Amino acid sequence: QVQVVESGGGLVQAGGSLRLSCVGSGITFSIQPMGWYRQAPGKQRELVARINSGGSTNYADSVKGRFTISRDNAKNTMYLQMNSLKPEDTAVYYCNTVVNIRYDYWGQGTQVTVSS
């Protein structure tokens, strides 16, 4: 059974930092492309960052230079280091992986709230 579970959200002041974690199970984590998405109230879910099995990354323009995605395959864990947080980063953050190109798995989400 494939599961991805996020943790690390919370309340932080603008300019602060948080690190999110996503642990995967039921998959060969090292070969999986992984991604972080977010959804703010009243908005569509959007891609934040993703990382492939080789470690190549890409980011949404809105977070470039502030967020860093990484993975530790030995721990079956993906991270999102978020620095210089802004109120507009407030959202529920979701971990995602796609197995065999077609099976989409999502975590339950973790709330990030940035106060001004």
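Here, every reference points to the structure presented above.
Worth saying up front: this structure is predicted, and the values here are computed from it rather than measured.

Novice: Give a detailed account of the overall build of the protein chain, specifying residues and quantitative values.
Specialist: When helices and strands are counted, the protein chain shows zero helices and 11 strands. In the protein chain, the succession of α and β elements from N to C terminus is β-β-β-β-β-β-β-β-β-β-β. Here the C-alpha coordinates of the protein chain stretch approximately 40 × 25 × 20 Å along the principal axes. By the burial criterion, 41% of the 116 residues in the protein chain qualify as buried. The contacts of the protein chain with a sequence gap of at least 6 include a subset with a gap of at least 24, amounting to 53%. Total accessible area on the protein chain stands at roughly 6,200 Å², and carbon and sulfur atoms take up 46% of it. Each charge sign in the protein chain was given a centre, from 11 positive and 7 negative side chains, and these centres are 3 Å apart.

Novice: Could you give an account of the sheet that holds strand E1 (residues 3-7), naming the residues involved and the relevant values?
Specialist: Taken in spatial order, the four strands of this open sheet run E1-E3-E8-E7, and their pairing is antiparallel. A single partner strand is all that each edge strand has here, and the edge strands are E1 and strand E7 (67-72). Pairwise comparison of adjacent strand axes, ignoring direction, gives a mean angle of 15° for this sheet. Pairing analysis gives six bridges linking strand E3 (residues 18-25) to strand E8 (residues 77-82), with the strands arranged antiparallel. If you follow Arg19 over to E8, its bridge partner there is Gln81.

Novice: Outline the side chain of Asp89, listing residues and values.
Specialist: Following the sequence through the fold, Asp89 ends up in the loop between E8 and strand E9 (91-99). The residues contacting Asp89, other than those within four sequence positions of it, are Arg38, Arg66, Phe67, Ser84, Val112 and Val114.

The rules we used
- Note that residues are indexed from 1 along each chain, following the sequence as it is written.
- Only residues with pLDDT of at least 70 are given local features in this predicted model, and only at 80 or more are side-chain atom pairs given and counted; all residues enter the totals for whole chains, interfaces and linings.
- Note: side-chain values were computed over all heavy atoms of the structure, leaving out hydrogens and water.
- Only DSSP runs of H or I reaching four residues or more are called helices, and only runs of E reaching two or more are called strands; each is numbered from the N terminus.
- Three labels apply to residues, based on accessible area from a 1.4 Å probe with only protein chains included: buried if under 20% of the type maximum, exposed if over 50%, partly exposed otherwise in between.
- Any two residues whose heavy atoms approach within 4.5 Å at even a single point are treated as in contact.
- Exposure was quantified through the Shrake-Rupley algorithm and a 1.4 Å probe, taking into account, for residues, occlusion by the shown protein chains and nothing else.
- For the purpose of charge, His is not counted, nor are the chain termini; Lys and Arg are scored as positive and Asp and Glu as negative.
- Charge positions come from single atoms, namely NZ of Lys, CZ of Arg, CG of Asp or CD of Glu.
- DSSP calls a pair of strands paired once it identifies at least 2 bridges connecting them.
- Helix axes use the C-alpha atoms of the stretch in contact, all axes being lines fitted to C-alpha atoms, and the angles between their N-to-C directions lie in the range 0 to 180 degrees.

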